[in-house]
Amino acid sequence: MTYVDTGILPRGTLEPGRAYDNINHFFGQLGQVVGASRGEAQDSRSSPDLTPLEKHLRFVQDAISKVSMHLPRGFAVGLNRQFANMMDEDAWEDDDDLVSPDALTAFIDTLRHTRTKRRPGIGTNGRGSVTASWSVGDNRLIIECLPSGKVSMVLSRRLDDGEIERAAFDPTRPERVRDVLAPFNPEVWFDG
Amino acid sequence: MRYKKAPILEAVLEFRWTSKKSLDELKAVLGLSIFEGFQAPKPRIQFETAFKPDENAISHNQRQLGFEVTLRDGSEIVFLEEQKFVFVQRAPYDRWESFSEKALALLTPTVTALDVTEFSRVGLRFVNRIDIPEPKIDTDEYLTVKFDGPRLDRGIIEEFQMRVVKPSDTEGLHYALVLATTASPLPEHSAILLDIDVFTREPIPATGEKLMHMLGEMRIEKNDIFQKCITEKTRQLFGGVEE
């Protein structure tokens, strides 16, 4: 008897760019279960010789691509380009931690929950976070998406009388960002 | 018609031929100027594992089938293998005109360089993932394809996977349709995979009017299958139609 484990795909999240391979592979395995006297697991995959940074960039771009339909038009392409620049082999510091998956999820959730129409600048603190920043004149907002899945915020905001107010917030959940920023009229950053 | 939030995860055009091309020939093609915007080719490896219960043995084998090139922003991928060319447009998908133009702009010089005059199979495949903002769903509300099993039992279907391959009403076309529940990347969401692969089985010229006409037919067929698989409730998830 041949046992082929078909319990993983496609129940798991599909990887964009690899759905072509993954779905073929899953149903290929199902076909081999029936009447197989000899089990064969067959797979086609891309290069095993990607550098760790290239593999991680692919992971980041996949994560953004697969939620692109829930982001404003043009966001995903722009963000994937920004991450490619940030994670370029020549620009990346070897000592820096790669972007944490939970920090990336927090970054994507922040974009969705703030409903921002402006694409942020991005960066990292070298400890796995993703930093998203919006700057409009004297009004600056930096949201640090942390490996814990939470986000911390720092902002400076010009008031009507010209005074600049500054504030910082301890880590909170991405879905709380818009509410926390409400007293500062966050549309100045998010509504382009 | 173009949905504002089209659920397309991946759009793929695949062209197969019968004569095997060498890795050297394939690599030379990827050196053409049309591939300048792509990153350096990576080998595409096939891994095989065979279990032989009679001999109580397991054997492994790996073989390079061809190459893969990707744009730096990850939006487009080309697989060039011994017997096929595959163009993958990853989400976000824009529109048919730009998708097919980009694919053909790469395909035409490729088949000319490889001296491929005829395709044995042409496939147009759209992988859709429909995200539904509910943690549990009754799939009957979102899909027109229903499970008509031997028993009713209680409750709703919790998971399913289905693949059907059959000829289309359109002469010369067949399709493979995959419907399955899958995980959504969004929290508190369910998702349905709707994978439509429309393909030919008869030889078709590698360039020219006949190929273009067939691609147009395949697109119409793909759109029709998609629309006929989903309900109005599903359409409402796509944010309306763009002018």
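In this text, all values refer to a predicted model and were calculated from it rather than measured experimentally.

Engineer: Sorry if this is basic, but what is going on with the overall build of chain B here?
Structural biologist: A count of helices and strands for chain B gives 4 helices and 11 strands. Taken along its principal axes, the extent of the C-alpha atoms in chain B is 60 × 60 × 40 Å. Expressed as a percentage of the 243 residues in chain B, the buried residues total 49%. Looking at chain B as shown, the accessible area adds up to about 12,200 Å², and 49% of this sits on carbon and sulfur atoms. Distance from the positive charge centre (32 side chains) to the negative charge centre (40 side chains) of chain B: 2 Å.

Engineer: Whenever I open this one, the packing of aromatic side chains confuses me. Can you help?
Structural biologist: Aromatic ring pairs: the centre-centre distance and the angle between the two ring planes describe each pair. For the coordinates displayed, the defined rule picks out 13 aromatic pairs over all chains. Ring geometry for Tyr93 of chain B and Phe99 of chain B: centres 5.8 Å apart, planes at 65°, overall edge-to-face. Each member of the pair Tyr93 of chain B and Phe99 of chain B is classed as buried. Clustering of aromatic rings is evident, with ring pairs tying together Phe87, Tyr93, Trp96, Phe99 and Phe126 of chain B. Positioned above the aromatic ring of Trp189 of chain A, the side-chain terminus of Arg157 of chain A is 5.8 Å from the ring centre. Above the ring of Phe126 of chain B, the side-chain terminus of Lys222 of chain B is found at 3.7 Å from the ring centroid.

Engineer: Honestly, the packing of helix H2 (residues 96–114) of chain B against helix H3 (residues 209–229) of chain B in this entry has me stumped. Any pointers?
Structural biologist: Packed helices, taken two at a time, are described by the angle between their axes plus the distance between the axes. Residue and element names in this part refer to chain B. Two elements in contact, H2 and H3, have axes separated by 13 Å at closest approach and are oriented at 140°. When the axes of H2 and H3 are compared, the pair comes out oblique. In this structure, the crossing between H2 and H3 has a hand that is right-handed. Along its contact with H2, which presents Trp96, Glu97 and Leu104, the element H3 presents Met212, Leu215 and Arg219. A class-by-class count of the residues in the contact of H2 with H3 yields 4 nonpolar, no polar and 2 charged.

Engineer: Is there a simple way to explain the confidence of the model for chain B in this structure?
Structural biologist: Any region with low pLDDT has predicted coordinates that should not be read closely. Residues and elements named next belong to chain B. Mean pLDDT for chain B: 93, with 100% of residues reaching 70 or above. Here strand E2 (residues 42–52) stands out as the element of chain B with the lowest mean pLDDT, 85, in contrast to strand E6 (residues 118–119), whose mean of 98 is the highest. Both scores are available for the predicted complex, with the pTM at 0.85 and the ipTM at 0.83.

Engineer: Explain the pairing of strand E4 (residues 139–145) of chain A to me, please; I cannot follow it from the model alone.
Structural biologist: Consecutive side chains along a regular strand alternate between the two faces of the sheet. Residues and elements named next belong to chain A. Residues Asn139, Leu141, Ile143 and Cys145 line the buried face of E4, whereas the alternating positions Arg140, Ile142 and Glu144 sit on a face that is not buried. Note that strand E3 (residues 130–136) and E4 share 7 bridges and pair antiparallel. Paired with Thr131 across the bridge in E4 is Glu144. Here E3 hands over to E4 after 2 residues, with Gly137 in that stretch at a positive phi of 60°. When E4 meets strand E5 (residues 151–158), the two strands line up antiparallel, connected through 6 bridges.

Engineer: Before we go on, may I ask you to explain the pattern of salt bridges in this structure?
Structural biologist: Side-chain pairs of opposite charge can arise where the charged atoms are in close proximity. All names here are of chain B. Throughout the structure, instances matching the rule amount to 26 salt bridges over all chains. For Asp94, the salt bridge is made with Arg95, and the minimal N-O distance between the two is 4.0 Å. On the basis of relative accessible area, Asp94 is assigned to the partly exposed category, the value being 37%. The class of Arg95 is partly exposed, set by a relative accessible area of 37%. One salt bridge in this structure joins Glu141 and Lys233, with 2.5 Å as the shortest N-O distance. Placement of Glu141 in the loop between strand E7 (121–132) and strand E8 (161–167) and of Lys233 in helix H4 (residues 232–235) is noted, with a sequence separation of 92 residues between them.

Engineer: Help me understand the nonpolar core in this model?
Structural biologist: The tendency in soluble globular proteins is for nonpolar side chains to be buried side by side. Ranked by size, the top nonpolar core spans 57 residues in total, and within it Phe15, Phe35, Phe85, Phe99, Phe119 and Leu194 of chain B carry the most contacts. Per element, the largest residue contribution to this core is 8 residues, and it comes from H2 of chain B. Counting residues in each nonpolar core, the second largest holds 39 residues, with Val130, Leu141 and Phe190 of chain A together with Leu186 of chain B among its members.

Engineer: Explain the environment of Glu158 of chain B to me, please; I cannot follow it from the model alone.
Structural biologist: Note that Glu158 of chain B resides in the loop between E7 and E8. Taking the C-alpha atoms as reference points, Glu158 of chain B and Phe51 of chain B, separated by 107 residues in sequence, lie 33 Å from one another.

Scoring rules and cut-offs
Residues numbered from 1 in each chain as written. Chains lettered and ligands numbered in written order. Predicted model: local features only at pLDDT ≥ 70, side-chain atom pairs only at ≥ 80, totals over all residues. Heavy atoms only, no water. Helix = DSSP H or I, 4+ residues; strand = E, 2+ residues; numbered from the N terminus. Buried < 20%, exposed > 50% of the residue type's maximum accessible area, 1.4 Å probe, protein only. Areas by Shrake-Rupley, 256 points an atom, 1.4 Å probe, with all protein chains shown as cover. Lys, Arg positive; Asp, Glu negative; His and termini not counted. Charge placed at Lys NZ, Arg CZ, Asp CG, Glu CD. Phe/Tyr/Trp six-rings, centres within 6.5 Å; stacked < 30°, edge-to-face > 60°. Lys NZ or Arg CZ within 6 Å of the ring centre and 35° of its normal. Axes fitted to C-alpha atoms, helices over the stretch in contact; angles between N-to-C directions. Parallel < 35°, antiparallel > 145°, perpendicular 65-115°, else oblique. Left-handed = near helix turned anticlockwise from the far one by under 90°. Contact = heavy atoms within 4.5 Å. Nonpolar A, V, L, I, M, F, W, Y, C, P; charged D, E, K, R; others polar. pLDDT = per-residue confidence, 0-100. Pairing = 2+ DSSP bridges. Salt bridge = Lys/Arg side-chain N within 4 Å of Asp/Glu carboxyl O. Core = buried A, V, L, I, M, F, W, Y, C linked by side-chain atoms within 4.5 Å.

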